[in-house]
There are 2 protein chains.
Amino acid sequence: MPQLALLYGRAWAALFGQLRRPPRAVCIQMVHSRSQGQSFLQVAEAVLTSQQKPHQEKSNFIIKTPKGTRDLSPQQMVVREKILDMVVSCFKRHGAKGLDTPAFELKEMLTEKYGEDSGLIYDLKDQGGELLSLRYDLTVPFARYLAMNKLKKMKRYHVGKVWRRESPTIVQGRYREFCQCDFDIAGQFDPMIPDAECLKIICEILSGLQLGDFLIKVNDRRILDGMFAVCGVPESKFHAICSSIDKLDKISWKDVRHEMVAKKGLAPEVADQIGDYVQCHGGVSLVEQMFQDPRLSQNKQALEGLGDLKLLFEYLTLFGIAEKISFDLSLARGLDYYTGVIYEAVLLQTPAQAEEEPLNVGSVAAGGRYDGLVGMFDPKGHKVPCVGLSIGVERIFSIVEQRMKTFGEKVRTTETQVFVATPQKNFLQERLKLIAELWDAGIKAELLYKNNPKLLTQLHYCENTGIPLVVIIGEQELKEGVIKLRLVASREEVAIKRENLVAEIQKRLSES
Amino acid sequence: MPQLALLYGRAWAALFGQLRRPPRAVCIQMVHSRSQGQSFLQVAEAVLTSQQKPHQEKSNFIIKTPKGTRDLSPQQMVVREKILDMVVSCFKRHGAKGLDTPAFELKEMLTEKYGEDSGLIYDLKDQGGELLSLRYDLTVPFARYLAMNKLKKMKRYHVGKVWRRESPTIVQGRYREFCQCDFDIAGQFDPMIPDAECLKIICEILSGLQLGDFLIKVNDRRILDGMFAVCGVPESKFHAICSSIDKLDKISWKDVRHEMVAKKGLAPEVADQIGDYVQCHGGVSLVEQMFQDPRLSQNKQALEGLGDLKLLFEYLTLFGIAEKISFDLSLARGLDYYTGVIYEAVLLQTPAQAEEEPLNVGSVAAGGRYDGLVGMFDPKGHKVPCVGLSIGVERIFSIVEQRMKTFGEKVRTTETQVFVATPQKNFLQERLKLIAELWDAGIKAELLYKNNPKLLTQLHYCENTGIPLVVIIGEQELKEGVIKLRLVASREEVAIKRENLVAEIQKRLSES
């Protein structure tokens, strides 16, 4: 595995180099932060109150984001970007190209793709013109793209938001708007090689993010269908029963059985036979065992699925990840479009230390083979076999966020390297000239937007926001043609010739 | 200016290091590409046809993206990512934090913010629950975020899609779904310092992208309002007349005048007085001239605006960008929420060389001050002054794309460093073990998903996709405990001990 950094706990700051000061300096910084924050607010309030118009009538107006959605604060954005960078770099390591598709599709593109979940699609209002829906995943748009461009093969990744009108249970990291990171391989290839690579990618990402131990459950839609057939499920009910089985990770077998019998009209004895199968899970030996199963072994579809799983395990062993994989007959995956191997990664334990609250995050990655989806878009039904995976980054964000909260972790939300300060009044002009020089040299720099800020206010700003260097210009410096360079951490100050300033700063930044 | 690379023309490939082979190798590669592409397609077709189900009935089903939207192909994604990286790195250089908001907002959040453009907002269908609309820009969500979190100051950037139901004229780079890159400074500060920084940022980005010469038109809403007042426009018509003036960069004064008089009921002599003013544009001397204007100088609002512009020009001179700025009384900006300085950057000439077709891209960046917007969300009307800018990246993409087309530029769409190949049959297992080793070491690697690919097919794949290194394993190598490393460009081959392979590849990649 590449040395991807830890993403949580005390290690966070060091790993991403966001916070390089020793603990004592951090304490000072936080105290300053509080005291300065208050005085800033007081000033701002005073200014605002003096400007405020006579009280305007407002209705009972609640400012909020839509149900099931949220803003990402700068702190959250830093965490998100680091995680997405790692995921994308893994996708690129496996040779994937980028792709982007519109947030909405023609409504008809999404119909008959998602089974029972179709009711969760957001439609746009008919404002004249086409009927549109927000995309529900990144897989159907990918299949539409392949069919539209008559592409027979492609390995692509796509990071983007999708929208689902689910009852949001935000505490578990489930939203109505959420980010997906998808990797898919389209094309007619020899069996199970791309499928094995998809599982390898999930392993690399979950190991790399160090979320704790995990397991990838694997099954095959053909084994499920074979199982349904030998148990006596009518073929017309396969999809419906599959959807029920899919709930086994959330509700008990008793409740799933009740749904199948009472709501979906399955005979109780058929349900019980399914019940016997879905309790089975294990490694490659379970595949062998199912080959011997007197009923499954009579079913052509099931045998095809088992044959492919056997080959898959062979490749997974070569990749060194077979012990992370569990053949699990209860895994069903809700979406209609899967046709072969399916998989779902779950964290085996909450990644919590003893003092952390347990966090139920459910599956953190999933996917499977969908050989018929592209053909649904093609006028002649030409098929392009596909297999892919989706990383549940929202749930991963939840875990990392909670860890950081537990450890009281602080993250820099800006990357500013240099602050331009002055101890004197009427030095705005010099500060502006100086900072333009830094920007033009590519140096990340800030100043306070005040004509005459206090020096202490300026230095506090640096400590609060983690800016490592301050350049100070005043009358003395101007006279001598120098600039004072201050190292925030050590409070050391050195005078540098004005004309050497940029070079000196670049030297120090490249060394640090 | 930081040395941001050229983004187009022949320089493109060299700049981004996507294509390092000499021209001859490129030619060979393209020939291979064609011949191999065909044979691949033929094979794929044969396989697919044999698999194809009996012809399925399909309605007259056209596969397309919604009107005014498009997919971004891997080639386009590479261009887009490079441009966005440059824009974001400039925003970070100026100390901005990242922020993300949902794609849709409560419908009421967007009402009364966009004036005549409100009809272009996409509403979501009422499916029970809240009434929602897709965001129309990133500015209103930012203001909503500030008010919701009671933030009095923030410097943030936001890169995201927005949606507008405009009549799409895609040829000019106008879409109904498009990406915006926004930078905004919220807070009560001394006048014109943040405003000047916004203009500096626009200059840095447009210079850095080397799109050719550009000009930033500047005006002030208070000067416009003052102008309307002294010309005799009734106050109730200010917004409507402002919207008409905003069209001056697209339609002639004659047509704008007709709209004002015939559609908006303005007296013809009032329109003519406005006509005299909106012809004026120039540098800081025009600001001085307007201070002397017998009518404008009687208007308090206009004087405030002129005073601020004078100060702004002083700061722009210190930043070294005053010659890029033109005070232009015809600049109005369509959106309702601006209250002070407004600006819009236009390319002065098409960036085309003689042989290129001219490309009308209109404005490539714009923004202004909106001191009242946050207050519209606050129950008590508390204001937070804001100023910001938006980069029109879609139009910039159009320019760069057209240039690349003109020059027949080729861009690598993957980053794969090493290809794992074999000259013999039955070497899939060895290839899989080898590639897993590379992936685990963080090396970007690919292989063909075939049990027994031909060596030539494998080598062609590397040349077609620009992979620089091939590791080859066969019977001979397996026996001797070595791997053959082939340099695609020079076709040189060296034998390396199997256990040293990863280290050797890492060494070569770090050197290249």
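Calculation rules
- Residues numbered from 1 in each chain as written.
- Chains lettered and ligands numbered in written order.
- Predicted model: local features only at pLDDT ≥ 70, side-chain atom pairs only at ≥ 80, totals over all residues.
- Heavy atoms only, no water.
- Helix = DSSP H or I, 4+ residues; strand = E, 2+ residues; numbered from the N terminus.
- Polar contact = N/O pair within 3.5 Å; in protein donor to acceptor, adjacent residues only side chain to side chain.
- Contact = heavy atoms within 4.5 Å.
- Buried area = accessible area lost by both parts, 1.4 Å probe.
- Salt bridge = Lys/Arg side-chain N within 4 Å of Asp/Glu carboxyl O.
- Nonpolar A, V, L, I, M, F, W, Y, C, P; charged D, E, K, R; others polar.
- Pairing = 2+ DSSP bridges.
- Axes fitted to C-alpha atoms, helices over the stretch in contact; angles between N-to-C directions.
- UniProt positions renumbered as here; feature names shortened; annotations may be inferred.
- Buried < 20%, exposed > 50% of the residue type's maximum accessible area, 1.4 Å probe, protein only.
- Least-squares fit on C-alpha atoms with pLDDT ≥ 70 in both.

Before going further, it helps to examine the side chain of B:Thr65. Checked against the element boundaries, B:Thr65 lands in the loop between α2 (23–51) and α3 (74–93). A polar contact of 3.1 Å, which involves the side chain of B:Thr65, links it to the backbone oxygen of B:Thr69.

Facing the 115 residues of chain A at the interface are 115 residues of chain B. Counting the surface lost from both chain A and chain B, the interface buries some 10,500 Å², and carbon and sulfur atoms represent 59% of this. If you sort the residues of chain A by the area they bury against chain B, A:Ile63, A:Trp439 and A:Tyr449 come out on top, with a joint share of 9%. At the boundary of chain A with chain B, the tally comes to 16 salt bridges. Note that B:Lys64 is salt-bridged to A:Glu130, the shortest N-O span being 2.6 Å. Taken together, the links from chain A to chain B amount to 43 residue pairs in polar contact (both at pLDDT 80 or more). Residues of the side of chain A that touches chain B, tallied by class, amount to 53 nonpolar, 24 polar and 38 charged.

A few words on the sheet that holds strand β16 (residues 493–497) of chain A. Residues and elements named next belong to chain A. Here we have five strands laid out as an open sheet, ordered β13-β12-β14-β15-β16, and mixed in their pairing. Taken across any chain shown, the strands that pair with only one partner, and hence form the sheet edges, are β13 (445–446) and β16. Examined bridge by bridge, strand β12 (residues 418–421) and strand β14 (residues 469–472) share four bridges and lie parallel to one another. By the bridge assignment, Ala421 is partnered in β14 with Ile472. Strands in contact with helix α15 (residues 428–440) are β12, β13, β14 and β15 (482–487); relative to β12, the strand with the most contacts, it is inclined by about 165°.

Residue and element names in this part refer to chain A. Per the UniProt record, the feature "binding site: L-histidine" (unreviewed entry) sits at Asp137, Leu138, Thr139, Arg164, Gln180, Asp184, Arg333, Tyr337 and Tyr338. Structurally, Arg164 can be placed in the loop between β4 (154–163) and β5 (177–186). You can call Arg164 buried: its relative accessible area is 14%. A polar contact of 2.9 Å, which involves the side chain of Arg164, links it to the backbone oxygen of Tyr136. Within the secondary structure layout, Asp184 lies in strand β5. Among the residues examined, Asp184 registers a relative accessible area of 2% and is labelled buried. Not counting the four nearest positions on each side in its chain, Asp184 is found in contact with Phe142, Met154, Lys155, Arg156, Tyr370, Val387, Gly388 and Leu389. Within the structure, Asp184 has its side chain in polar contact with the side chain of Arg156 (distance 2.8 Å).

We now examine the relation of the copies chain A and chain B. Of the transformation placing chain A onto chain B, the axial shift is 0.0 Å and the rotation is 180°, giving an RMSD of 0.0 Å. Taken together, the rotation angle and the small translation identify this as a two-fold axis. An overlap of 100% is found between the interface residues of chain A and their copies at the interface of chain B, pointing to a shared contact surface.

Residue and element names in this part refer to chain A. The element strand β10 (residues 363–369) is extensively covered by neighbouring structure, given that seven of its seven residues are classed as buried. Relative to strand β11 (residues 386–391), β10 runs antiparallel, the two being bridged by five bridges. Residue Arg369 lies in a different strand from β11, and its bridge partner there is Val387.

Right, let's talk about the sheet that holds strand β14 (residues 469–472) of chain B for a bit. Residue and element names in this part refer to chain B. In spatial order, the strands read β13-β12-β14-β15-β16; together these five strands make up an open sheet with mixed pairing. Strands at the two margins of the open sheet, each flanked by one partner only, are β13 (445–446) and β16 (493–497). Running over the sheet, helix α16 (residues 455–465) touches β12 (418–421), β13, β14 and β15 (482–487) and is turned about 175° from β12.

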